[in-house]
Amino acid sequence: GPKVLQIPSHQIIDMGQMVTLNCDPVSNHLYFYWYKQILGQQMEFLVNFYNGKVMEKSKLFKDQFSVERPDGSYFTLKIQPTALEDSAVYFCASSSSGGNYAEQFFGPGTRLTVL
Amino acid sequence: AQSVTQPDARVTVSEGASLQLRCKYSSSGTPYLFWYVQYPRQGLQLLLKYYSGDPVVQGVNGFEAEFSKSNSSFHLRKASVHWSDSAVYFCVLRRNSNNRIFFGDGTQLVVKP
């Protein structure tokens, strides 16, 4: 079936550095999402993105976070600067529509460790 | 307020046995409910979804779920599990007013041979 890819699968960085997480969504999808899962906790919504704009974001989506999808390439989540509490697995998802019943296809996650 | 509770963090069953994974939800509006499965080192995959109609919905690989408005539940069932069903299962709620979705904590299913 359709697959969402995430690059890299693991990333280790020092606190204060910048990191970019990359998501390659399903090719004809138009809606994109990021979720954050801290070890042992629930997966939580961060942001959704459509037509070049953030449509909705949660309180977890701090000012240090930004998303973009330049020219139909990767959908990226950038954190600058990183903090220790940003350590988590970040999941990207995409869907063909924004309807409530639309299936979101998830990537395998990027495990971010901030030292 | 919207929330999803999966009361069982881990369920262990023998191969061939029947299975029920529990999910309770809280929603102020019409709930859209989903079950996803996550195999190791893979993304979440949709098993089934429910919005309206027949409260028992069929999914892939012999899974089904039953929606109960009175019990605020959406339990996942399978008549006979296989070792390959071992994975983490997430119950997911989506509000009907926007695209935000809410995840349960997940239930780790272990199928013993």
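This section reports on the structure supplied with the text.

Reading the values: rules and limits
Residues numbered from 1 in each chain as written. Chains lettered and ligands numbered in written order. Predicted model: local features only at pLDDT ≥ 70, side-chain atom pairs only at ≥ 80, totals over all residues. Heavy atoms only, no water. Salt bridge = Lys/Arg side-chain N within 4 Å of Asp/Glu carboxyl O. Helix = DSSP H or I, 4+ residues; strand = E, 2+ residues; numbered from the N terminus. Buried < 20%, exposed > 50% of the residue type's maximum accessible area, 1.4 Å probe, protein only. Disulfide = S-S within 2.5 Å. Core = buried A, V, L, I, M, F, W, Y, C linked by side-chain atoms within 4.5 Å. Contact = heavy atoms within 4.5 Å.

1. Observations concerning the pattern of salt bridges
Between side chains of opposite charge, a pair can form when the charged atoms approach closely.
Part 1 of the argument: Evaluated as defined, the whole model comprises 5 salt bridges over all chains.
Part 2 of the argument: Of the charged contacts, one joins A:Asp86 and A:Lys62 as a salt bridge, the two residues approaching to 2.9 Å between their closest N and O atoms. With A:Asp86 in the loop between strand S8 (75-79) and strand S9 (88-95) and A:Lys62 in the loop between strand S6 (53-57) and strand S7 (65-68), the pair connects residues that are 24 residues apart, well separated along the chain.
Part 3 of the argument: Exposure remark for A:Asp86: the relative accessible area of 0% places this residue in the buried category.
Part 4 of the argument: Here B:Asp85 and B:Lys78 are joined by a salt bridge, their closest N and O atoms 2.8 Å apart.
Part 5 of the argument: Residue class for B:Lys78 comes out buried when judged on its relative accessible area of 11%.

2. A few points about the state of the cysteines
Residues and elements named next belong to chain A.
Part 1 of the argument: In total, this model carries 2 disulfides over all chains according to the counting rule given.
Part 2 of the argument: Across a sulfur-sulfur distance of 1.8 Å, Cys23 and Cys92 are joined as a disulfide pair. Looking along the S-S bond of the Cys23-Cys92 disulfide, the torsion reads about -65 degrees, which is the left-handed sense. Separated by 69 residues along the polypeptide, Cys23 in strand S3 (residues 19-24) and Cys92 in strand S9 bring together distant segments of the chain.

3. Remarks on the nonpolar core
Part 1 of the argument: In this structure, B:Leu19, B:Trp35, B:Leu47, B:Leu48, B:Phe74, B:Leu76 and B:Tyr89 are the most contacted members of the largest nonpolar core, which totals 28 residues.
Part 2 of the argument: Looking at this core element by element, the count peaks at 4 residues for strand S10 (residues 87-94) of chain B.
Part 3 of the argument: With residues up to four places along the chain from it excluded, the contact list for B:Leu76 reads B:Leu19, B:Gln20, B:Leu21, B:Trp35, B:Leu47, B:Leu48, B:Phe63, B:Glu64, B:Ala65 and B:Tyr89.
Part 4 of the argument: Of all hydrophobic cores here, the second largest spans 23 residues; its members include A:Phe32, A:Val47, A:Leu77 and A:Cys92.

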